[in-house]
Amino acid sequence: MNAAAREMGLAAADAETRHRYSDDWEPHQIPLLRSAFSDLRSIAVIAQHRWSWDKIVSLIASRSGTTRAGLGANFDSLLDRVRDAFGAPDHAGEWISIHENHALIARRPA
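Residues numbered from 1 in each chain as written. Predicted model: local features only at pLDDT ≥ 70, side-chain atom pairs only at ≥ 80, totals over all residues. Heavy atoms only, no water.

## Structural notes on the environment of Ile 43
If you trace the backbone, Ile 43 turns up in strand β1 (residues 39-52). With a relative accessible area of 45%, Ile 43 lands in the partly exposed category. In this structure, the C-alpha to C-alpha distance between Ile 43 and His 102, residues 59 residues apart in sequence, is 5.8 Å. In this view, Ile 43 contacts Asn 101, His 102, Ala 103 and Ile 105; residues no more than four positions away in its chain are not counted. (Helix = DSSP H or I, 4+ residues; strand = E, 2+ residues; numbered from the N terminus. Buried < 20%, exposed > 50% of the residue type's maximum accessible area, 1.4 Å probe, protein only. Contact = heavy atoms within 4.5 Å.)

In structure tokens form, the structure reads like this:
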């Protein structure tokens, strides 16, 4: 495990996370650069998104790990914690996030 992983306290992390921070980890671009798809392009789009409480709940409920069916009684507890984090006791208001989405495009060289 490298020094960065130790500093982040990953000693107790799962095996996949420890591997990702190990000295033999390769970023995903490296195998692509060695492959037939070595012509790499990276693009990014910056967007602003307005979130209502209903949109936040819908996003949470749409994720496989946080559905009401998957979490059962813990679903409402999760919503309570999110509501507290957003300071949304009355479900009113709107939150704005600015995010950047990246895409890596790998093509065969011309």
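Now that the structure has been shown, we can carry on.
## Considerations on a nonpolar patch on the surface
Together, Ile 46, Ile 96 and Ile 98 make up an exposed nonpolar region whose accessible area comes to about 350 Å². Position of Ile 98 relative to the elements: it lies in strand β2 (residues 94-107). (Patch = residues over 30% accessible without salt bridge, like charges linked within 9 Å, V, L, I, M, F, W, Y side chains within 5 Å. Areas by Shrake-Rupley, 256 points an atom, 1.4 Å probe, with all protein chains shown as cover. Salt bridge = Lys/Arg side-chain N within 4 Å of Asp/Glu carboxyl O.)

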